[in-house]
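Listed below are the residues making up each chain.
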Amino acid sequence: MLTYLYDNISEVLKNLRTTKEGLSDIEVADRTRKYGPNILKGGKKASLIFSFLKQFTDLLIIILLSAAIFSAIIGSYKDSIVILLIVFINALIGFIQEHRAEKTIEALNSHLPQTVTVIRDGNKKKIDSTELVPGDIVYLSEGDKVSADIRLIQTNELYTNDSTITGESEPQEKKALGRENRNLELGDILGSLFAGTQIISGNGIGVVVATGMSSQLGKIAQETTKVNVQKSPLQKETDHIAKIVAKSFVFVMFGLLLAYYLINRYFNLSEGLLFAVQIAAAIVPEGLPATISVALAIGARRMAKRKSAIKKLSTVETLGEINVIVTDKTGTLTKNEMTVKDIYFDGEMYSVTGSGYGSSGEILHNELPLGITEKRILNKFFNTGVYANNSDINYEKPNGPEYIGDPTEVSILVAAEKFGINTFKVREKAIVTEEIPFTSERKFMAKVIKEKGEETVYFKGATDPIISMCKKIYKNGHELDITPKDIHNIKNITDNLSSRALRVIACAYKKKDNKKIEGDLVFLGLYGIIDPPRAEVKETIKIAKKAGIRTIMVTGDHGLTASAIAQRVGLSENPKVINGEKLNQLNDHGLIELLHDEDIIFARVDPMHKLRIVKALQKMHNIVAVTGDGVNDSPALKSSDVGIAMGISGTDVSRESSDMVLLNDSYSSIVWAVKEGRIVYENIEKFTKFEFTTHVAALSSVVAGIVLGIMPLFAIQILLMDYGAETFSAFALGVDTEEDDVMARKPRNRKIPLFNINSIYYVLRSGIGLSIISVSVFLIFMYSNGWQIGVKPDLNLLFTGTAITYTVFALGQILNSFSLRSTTKPVYKLFFGNMKLIYAAIASIVFVFLVVYIPGLNNFAKMAPIPAIMWPMIIIASIVYLVYLEVIKFGLSRAKRIS
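Rules used in this analysis
Residues numbered from 1 in each chain as written. Predicted model: local features only at pLDDT ≥ 70, side-chain atom pairs only at ≥ 80, totals over all residues. Heavy atoms only, no water. Helix = DSSP H or I, 4+ residues; strand = E, 2+ residues; numbered from the N terminus. Contact = heavy atoms within 4.5 Å. Areas by Shrake-Rupley, 256 points an atom, 1.4 Å probe, with all protein chains shown as cover. Phe/Tyr/Trp six-rings, centres within 6.5 Å; stacked < 30°, edge-to-face > 60°. Buried < 20%, exposed > 50% of the residue type's maximum accessible area, 1.4 Å probe, protein only. Lys NZ or Arg CZ within 6 Å of the ring centre and 35° of its normal. Expected span 1.5 Å × (residues − 1). Patch = residues over 30% accessible without salt bridge, like charges linked within 9 Å, V, L, I, M, F, W, Y side chains within 5 Å. Salt bridge = Lys/Arg side-chain N within 4 Å of Asp/Glu carboxyl O. Core = buried A, V, L, I, M, F, W, Y, C linked by side-chain atoms within 4.5 Å. Pairing = 2+ DSSP bridges. Axes fitted to C-alpha atoms, helices over the stretch in contact; angles between N-to-C directions. pLDDT = per-residue confidence, 0-100. Polar contact = N/O pair within 3.5 Å; in protein donor to acceptor, adjacent residues only side chain to side chain. Parallel < 35°, antiparallel > 145°, perpendicular 65-115°, else oblique. Nonpolar A, V, L, I, M, F, W, Y, C, P; charged D, E, K, R; others polar.

As a further point, take the overall build of the protein. Within the protein one finds 31 helices and 28 strands. Once local pairs closer than 6 in sequence are excluded, the contacts in the protein between residues at least 24 apart make up 71%. Accessible surface, the protein: about 39900 Å² in total, of which carbon and sulfur atoms supply 57%.

A separate point is the environment of Ala297. Examined against the element boundaries, Ala297 turns out to sit in helix H10 (residues 288-305). Along the backbone, Ala297 and Ser314 are 17 residues apart, and their C-alpha atoms lie at a distance of 9.8 Å.

Within this structure, the stated rule accounts for 14 aromatic pairs. Consider the rings of Phe382 and Tyr527, whose centres lie 6.4 Å apart with planes at 70°: the pair is edge-to-face. With a gap of 145 residues between them, Phe382 in helix H12 (residues 372-387) and Tyr527 in strand E22 (residues 521-530) connect regions that are remote in the sequence. Accessibility assignment for this pair places Phe382 and Tyr527 in one class, buried. Here the aromatic residues Phe345, Phe381, Phe382, Phe419, Tyr474 and Tyr527 are joined through ring pairs into a cluster of three or more. Across from the ring centre of Tyr681, 3.5 Å away, lies the NZ or CZ of Arg748, which sits over that ring.

With 16 residues, helix H16 (residues 484-499) ought to run about 22 Å at 1.5 Å a step, and its terminal C-alpha atoms sit 22 Å apart, in line with that. Among the residues trailing H16, Ala501 stands out with phi positive, at a value near 70°.

Here we take up a nonpolar patch on the surface. On the surface, Phe832, Met835, Tyr839, Ile842, Val846, Leu850, Ile854, Leu857 and Phe860 cluster together to form a nonpolar patch covering roughly 860 Å² of accessible area. Contributions of two or more residues to the nonpolar patch are made by helix H29 (835-853) and helix H30 (857-860). Here the nonpolar patch takes five residues from H29, the largest share from any one element. Secondary-structure assignment places Phe832 in the loop between helix H28 (795-819) and H29.

Moving on: the nonpolar core. Counting 63 residues, the largest nonpolar core has Ile804, Tyr806, Ile866 and Ile874 as the members making the most contacts within it. Going through the elements one at a time, helix H8 (233-263), helix H24 (667-708), helix H25 (715-725), helix H26 (727-734), helix H27 (757-784), H28, H29 and helix H31 (871-898) are the ones with two or more residues in this core. Once you skip the residues sitting within four places of it in the chain, Ile874 turns out to touch Ile804, Thr807, Val808, Leu811 and Ile866. By size, the runner-up hydrophobic cluster in this structure holds 52 residues, among which are Ala297, Val316, Val537 and Tyr667.

So, about the pattern of salt bridges. With the rule as written, the count across this model stands at 32 salt bridges. A salt bridge links Arg500 to Asp342; the nearest nitrogen and oxygen atoms lie 2.8 Å apart. Pair noted here: Arg500 is in the loop between H16 and strand E21 (502-511) and Asp342 is in strand E10 (residues 339-345), with a separation of 158 residues, a long-range link. On the basis of relative accessibility, which here comes to 11%, the residue Asp342 falls in the buried class. Lys511 is the partner of Glu454 in a salt bridge, and the nearest nitrogen-oxygen pair spans 3.0 Å. Of this pair, Glu454 sits in strand E18 (residues 454-461) while Lys511 sits in strand E21, and the two are 57 residues apart along the sequence. Owing to a relative accessible area of 43%, Glu454 belongs among the partly exposed residues under this scheme. Taking relative accessible area as the criterion, Lys511 reaches 43% and is therefore assigned partly exposed. Counted as one network, the salt bridges with shared partners bring together Arg17, Glu27 and Arg31.

A few words on the sheet that holds strand E8 (residues 308-310). In space, the six strands of this open sheet follow the order E8-E28-E27-E26-E9-E23, with mixed pairing throughout. Of all strands in the sheet, those bounded by a partner on one side alone are E8 and strand E23 (550-553). The average angle at which neighbouring strand axes cross in this sheet is 20°, direction not considered.

We now examine the environment of Glu682. Topologically, Glu682 is positioned in helix H24. For the pair Glu682 and Thr737, spaced 55 residues apart in sequence, the C-alpha separation works out to 10.0 Å. Dropping the residues within four chain positions of it, Glu682 is found in contact with Glu739, Val742 and Arg745.

Turning our eyes to something else, we now look at the confidence of the model for the protein. When pLDDT is averaged across the protein, the result is 83; 85% of the residues are at 70 or more. Across residues 223-230, where pLDDT falls below 50, the model places three contacts with residues more than four positions away in sequence or in other chains.

Turning our eyes to something else, we now look at the side chain of Ser129. By secondary structure assignment, the location of Ser129 is in the loop between strand E2 (123-128) and strand E3 (137-140). Accessibility expressed as a relative area gives 7% for Ser129, which makes it buried. Ignoring sequence-local partners within four residues, the contact set of Ser129 consists of Asn38, Gln114, Thr115, Val116 and Ser147.

On to H28. Look at H28: 36 Å from first C-alpha to last across 25 residues, which is about the 36 Å you get at 1.5 Å a residue. Among the 25 residues that make up H28, 23 are buried, leaving the element largely enclosed by the rest of the structure. At the N-terminal end of H28, a side-chain oxygen is found 3.1 Å from the backbone nitrogen of Asn796, two or three residues along, and the residue is Asp794.

For the rest of this paragraph, the subject is the pairing of E21. With nine of 10 residues buried, E21 lies mostly within the body of the structure. With six bridges joining them, E18 and E21 adopt antiparallel strand pairing. The partner of Thr456 across the bridge, within E21, is Lys511. Sheet analysis places E21 next to E22, joined by eight bridges and oriented antiparallel. The residue of E22 that forms the bridge with Val504 is Gly528.

Now for the packing of H26 against H29. As a packed pair, H26 and H29 sit with axes 8 Å apart at the nearest point and diverge in direction by 170°. Put simply, H26 runs roughly antiparallel to H29. Together, Phe728, Ser729, Ala732 and Leu733 of H26 and Lys836, Leu837, Ala840, Ala841, Ala843, Ser844 and Phe847 of H29 make up the contact between the two elements. Its residues assigned to classes, the contact of H26 with H29 shows eight nonpolar, two polar and one charged.

For the rest of this paragraph, the subject is the side chain of Thr494. Looking at where Thr494 falls in the secondary structure, it is placed in helix H16. Excluding residues that lie within four positions of it along the chain, Thr494 makes contacts with Thr463, Val504, Leu526 and His558.

All right, on to the packing of H24 against H26 then. In contact at an axis separation of 8 Å, H24 and H26 are set at 160° when each is read in the N-to-C sense. Accordingly, the angle class assigned to the pair H24 and H26 is roughly antiparallel. Here Asn683, Lys686, Phe687 and Phe690 of H24 come into contact with H26, specifically with Ser729, Ala730, Leu733 and Gly734. Its residues placed into classes, the contact of H24 with H26 shows four nonpolar, three polar and one charged.

See below:
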């Protein structure tokens, strides 16, 4: 296909057996079978076996493997087998969880829309980029990501970012050339676009010459097999915790060995080492990192249900920290269902009936249908809106018309259809000879149309730039000099429409002369286009405010329009509007001072202003989420803590630059994603506290046993506790539902680590408390059955005693899991909020009974059946532990309320 990059364009079309009318559906089907879908096949992924074996490289797993090997060397095969079994189960769980997490992100990313506009059977239509085939005629616009290698047929100020192919980020001008020099390098080819590059500005039309792995990007992909997977800050933090635990393993092992030596008169080195290694290994929380990943992946899946597609897991945790949302207006706070409602032309106001893109409706003057004379006068105005337009309406769709392009432009076409103009036929006859594309800096667009041998330039854009270029005004069928009074009236009408939350679009025209296209225009009139606020936004903004999240509107729209929408959605009763001109006059310090005002909104600004605002907010130590849809929004999206692109109205470039994509473009989805981020982090905190409570309690009990000369808990029982009795509850906590006040609290401070001082206090008091209660019940049982300190106990009696300790441990931790669901609410209000936790508790209790009472299994676990007479004491001890936890919770909660 490479030859097509150099041949004459007519030869390219001929060789590809296509025309400017595009391919037929039959031909597309044949070529799809021949060339396959337009996708890049990923580099060779690691095999499932390799991914599974990778689980054994974790530092904590290596510790357990070392303990198992050491146990086997000194002849303790049973303990070695148990540890190896635990390691295998943990590796299997970690492998499954990691695989699921990867699949979750892949599935979410597959939802990210990437469409392309093509001509097929002579009709313009939108298709998924994967459906492109060689020979397709493609429309290219600012912000598009190029989805295949394309030879250009027509261009208009077209510039691309070719860094994915050439490594150079400087904009590259592209032109529709007849033939290209075959000796040129890819970076010097002007007449072709390459898959993976991006349209920075301008527009054009081209023919697809190569797709998928046949494209230049595909050839690069064939050489690329590395996959760069970044760990999130939270995962790095848990890895840090794991390293601390690993170091603690060595300290605990030698500490236990020393204590064992000092207290045991008949010290045996191999026995002491085995004891120390097994206990130290048993208190290693080796499953923690994998569980974190799963919690994040589950959060990502939940967000997807709320129409928020997460592109990387780290975004989930960052969302929980967000305290400022910088949002666009159109499509995010509003519906983006643009409808022309008012028209100003020749000193008169006209109204337009109907809503949305439907063709039902009409143009009224003084609430009456238009007469023949009025229609003749307005024809020039509506034709201007049709000509200066890059959108389209495809009436060939079986399920009704398809509206292609910018919603504002589509609404103007719909209004023209209501007026009686067949927009398709009018534009089909028009010959476009030149075009000035719309940019956020320019704020207008223009097209030169050749009709009957004469060229006319049609303009459409914001009122200020259009009126600044006008020398005349169209009145009573004549072109008259525009006066200051005319300009004053036009601006008053613009302000009036804007104050009613209407977007205002001005139209003008001129006969083309030898001068530059801009300037010496004839003003025609104004469109007033409504974009009503989304129904749910007002309530969501209230929720955000209550959650300590500030929302700042930043829009390119007129200040009065922005102010009206801000009032309607509850951002501010008296918004203070700052425009781009004012912003340019402020230095960074002045902008920061301005941002302290809670009522500030920004209007008539461009994307680089948005970047300044984001950076200023970050200098104020805020965690900022920012929305964007245009190619120029990319710097702000990348600079923010969470960049949020629009899935419907956003460009491919903005989606590439973002961390999250709103599949419905709604502000409310951002707030619900923030809520989910908070829930995920809080669940991880709960799980971490729960996990470490077990290990602190176990270590405390072992230390007590060394002092007493009798073990209330063996290493194998600690392992069984970690992987049996408590596993179910731990995972249920990881997917816990939110607390009622999760969105009534301020965002968490990212400087406070996951395992902070409050978590440490909780783990120490709850773990040591559980140890004291469990060991006390153990000692009561042992003393009541004749055992005395310094006397070697009967083995069956000891195994019964350890079974009692194990059961108190298990029941205490089950109750602890319910108490952990809230830091303020009493436990009796928490039992039925998470049914998974109830099922987990039942599963844990069943596991305890199986281990304690099944012959062979209990002997393997160094336990014996518990006498029925001991069960009331076990239950009471567990309840005492719960009361202990709840009393502390109540005291801390009350002290916090008082302070």
